Amino acid sequence: MSDDLERLKREASERLERITSEDDLADWHRDFLGRQGQITSAMKGISQLPAEERPAFGQAVNALRNELQEAFDNRQDQVLAASLQSRLQQESVDVTLPGRTPLAGTLHPVTRMIREITRVFGLMGFQTVEGPEVEDAYYAFDALNIPQDHPARDVWDTIFIESEQREIVLRPHTSPMQIRTMEQVEPPVRVVVPGRCYRYEALDATHEWHFHQIEGLAVDTSITMTDLKGTLAEFARQIFGQERKVRFRCDYFPFVEPGVDFAIDCMFCEGKGCRVCSGTGWIELLGAGMVHPNVLRHVGYDPDVYTGWAFGMGIERIAMLKYGIEDIRHFYQGDVRFLSQFNRVFA
Ligand code: FA5
């Protein structure tokens, strides 16, 4: 091997010995084995040699290239192993440290209330179904025995969506789902329908322009008012406590006959009279009644064969009573201080 190659070998080996980082390894490789490195330059020098010396010189350069490549690979293995070792030491994790509790979102109190109410009715054999919020006025009113120009139509402060062919509304109550359900199935029917409703309403502590209702509907061959009373009393006691007294009074809704309002004795004053029950001792929970024969006829049920009852309640109002919330507007202001309280209440 020529002196030049000997010197090259020594220089490369000494520098390689001292290398401890991956960056220096890359530099070394570029300087000696790279395309413009010293081995390549040495090979180019072959043209300066007399022809008879060229084969031996070429072999010597190739042998040196292989030797340096091997030395480089070994050094690279050592350097990488050492750097991995030190990283493992630096980045080691104490697996015995307790984890940080993640800040998770929670279910909205209205969602939780819907689940609680539908669970109670589920245990009594009611299926939960849902329906459209954008509704045809036929389902919202006409089929519910509230024809066009009927004064009762004004009671639901309806938000109308413009439509040239048909009157389309944001549903003001969940009662349209009575019709949609009965159109789909033959009796017996037992459903509850939770969902969002909309009304063009002046806002105050108990009125929102969007809120939730749950509709209930039971239709069969021998359903009576007794079934309605028993079911609602059981519901009220499951949600508000076994000691609750219940009251049914006459009320008017065009799609039921007779119609009732359903109340429970005030749990805040035990019926003595307080601010929550406006001094009456009773809190009205919902409207209900026996499904009007005209409604049954609209869906093709024979009112001489089938009878049924229906109810509709406001979910926010139930949650307000159950959890002592004084203003309905809290539900939709997105204030985490309000919402996070319900982790504990519902846990
Ligand atoms: C109805 O909407 C009837 N569809 C209920 C019904 C169904 C009667 C089946 C008979 C048979 P009403 O307008 O009273 O009824 O509303 C029912 C409940 O919805 C109220 O008791 C109240 O809890 C809730 N509610 C009504 N308007 C609002 C509002 N603006 N904000 C919050 N809750 C409301």
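Residues numbered from 1 in each chain as written. Predicted model: local features only at pLDDT ≥ 70, side-chain atom pairs only at ≥ 80, totals over all residues. Heavy atoms only, no water.

Asker: Before we go on, may I ask you to explain the site of the ligand in this structure?
Answerer: The full set close to the ligand counts 23 residues, and His-173, Ser-175, Arg-199, Glu-201 and Glu-208 are the nearest of them. Within the contact set of the ligand, a nitrogen atom lies 2.9 Å away from a side-chain nitrogen or oxygen of His-173. Between the ligand and the protein, one listed contact pairs a nitrogen atom with a side-chain N or O atom of Glu-201 at 2.6 Å. Going through the elements one at a time, strand S6 (210-220), strand S9 (282-291) and strand S10 (307-314) are the ones with two or more residues in the shell around the ligand. With four residues, the top contributor of residues to the shell around the ligand is S10. Here the residues of the shell around the ligand are counted per class, giving nine nonpolar, nine polar and five charged. (Near = heavy atom within 4 Å. Polar contact = N/O pair within 3.5 Å; in protein donor to acceptor, adjacent residues only side chain to side chain. Helix = DSSP H or I, 4+ residues; strand = E, 2+ residues; numbered from the N terminus. Nonpolar A, V, L, I, M, F, W, Y, C, P; charged D, E, K, R; others polar.)

Asker: Is there a simple way to think about the domain arrangement of the chain in this case?
Answerer: Its domain assignment divides the chain into domain 1 (2-90) and domain 2 (109-345). Averaged C-alpha coordinates put domain 1 and domain 2 at centres separated by 85 Å. (Domains from an automatic or database assignment.)

Asker: In this structure, what is going on with the side chain of Glu-135? I would like to understand it.
Answerer: Tracing the chain through its elements places Glu-135 in strand S2 (residues 134-136). Beyond its immediate chain neighbours, meaning those up to four positions away, Glu-135 contacts Ala-140, Glu-167, Ile-168, Val-169, Arg-171, Pro-176 and Arg-180. (Contact = heavy atoms within 4.5 Å.)

Asker: Could you clarify how one ought to interpret the sheet that holds strand S3 (residues 159-161) in this entry?
Answerer: In any sheet, the strands associate via hydrogen bonds between backbone groups, in a parallel or an antiparallel arrangement. Here three strands make up an open sheet; going across it, the order is S2-S4-S3 and the pairing antiparallel. Of all the strands in the sheet, just S2 and S3 have a single pairing partner and so form its edges. For this sheet the average axis-to-axis angle between neighbouring strands, irrespective of direction, equals 40 degrees. Pairing analysis gives three bridges linking S3 to strand S4 (residues 168-170), with the strands arranged antiparallel. In the sheet register, Ile-161 faces S4, and the bridge partner there is Ile-168. (Pairing = 2+ DSSP bridges. Axes fitted to C-alpha atoms, helices over the stretch in contact; angles between N-to-C directions.)

Asker: Whenever I open this one, the pattern of salt bridges confuses me. Can you help?
Answerer: Working definition: two side chains of opposite charge can pair if their charged atoms are close together. In this structure the tally under the stated criterion is 17 salt bridges. One salt bridge in this structure joins Glu-116 and Lys-322, with 2.7 Å as the shortest N-O distance. In this pair, Glu-116 is assigned in helix H5 (residues 109-123) and Lys-322 in helix H10 (residues 315-323), connecting sequence segments 206 residues apart. Residue classification places Lys-322 among the partly exposed positions, given a relative accessible area of 26%. (Salt bridge = Lys/Arg side-chain N within 4 Å of Asp/Glu carboxyl O. Buried < 20%, exposed > 50% of the residue type's maximum accessible area, 1.4 Å probe, protein only.)

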